[in-house]
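# Secondary and tertiary structure notes
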Amino acid sequence: MTDRTTLLQEVGQALRDNGLTAAITALVGGSVALLASATRKAFTNDAMLARLDRELIAERHRVDRQRAEDRKGDADRLERIEADIRAMRDLMFEAFQRGRTD
């Protein structure tokens, strides 16, 4: 008598053999996919942080330039006010001096 296996037994054996291989392949593939996702997310976060840093630096430079322009404008306005005050003081001093000599 020969040991002949039935078709069902051969299919069952193939599923058991390939099932384990498929499970290992899926586990390895899933691990690689998870690692790729985490790596992509990490690089995306790094890129986002770098972009936010560049935007923050640009905003700081813009604010610093605006403040410098505002300070220059304030200094110019203060200088004009001081010049007007000196001119009024001189004018009042002259008027007072003329008023005393008359």
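Quick look at the structure, then.

Turning our attention to the overall build of the protein chain. Check the secondary structure of the protein chain and you find one helix and zero strands. Residues counted as buried form 1% of the 102 residues belonging to the protein chain. Summed over its atoms, the accessible surface of the protein chain is roughly 9600 Å², and 62% of this surface lies on carbon and sulfur atoms.

Under the counting rule described, the total for this entry stands at seven salt bridges. Arg 51 is the salt-bridge partner of Glu 55, the closest N and O atoms lying 3.2 Å from each other. Residue Glu 55 and its partner Arg 51 are located together in helix H1 (residues 7-101), separated by four residues, close to a single helical turn. Between Asp 90 and Arg 89 there is a salt bridge, with its nearest N and O atoms 3.5 Å apart.

Another aspect to go through is a nonpolar patch on the surface. On the surface, Met 48, Leu 49 and Leu 52 cluster together into a nonpolar patch covering about 270 Å² of accessible area. With respect to the element layout, Leu 52 can be found in helix H1. In this structure Leu 52 comes out as partly exposed when scored by relative accessible area, which is 39%.

The rules we used
- Residues numbered from 1 in each chain as written.
- Predicted model: local features only at pLDDT ≥ 70, side-chain atom pairs only at ≥ 80, totals over all residues.
- Heavy atoms only, no water.
- Helix = DSSP H or I, 4+ residues; strand = E, 2+ residues; numbered from the N terminus.
- Buried < 20%, exposed > 50% of the residue type's maximum accessible area, 1.4 Å probe, protein only.
- Areas by Shrake-Rupley, 256 points an atom, 1.4 Å probe, with all protein chains shown as cover.
- Salt bridge = Lys/Arg side-chain N within 4 Å of Asp/Glu carboxyl O.
- Patch = residues over 30% accessible without salt bridge, like charges linked within 9 Å, V, L, I, M, F, W, Y side chains within 5 Å.

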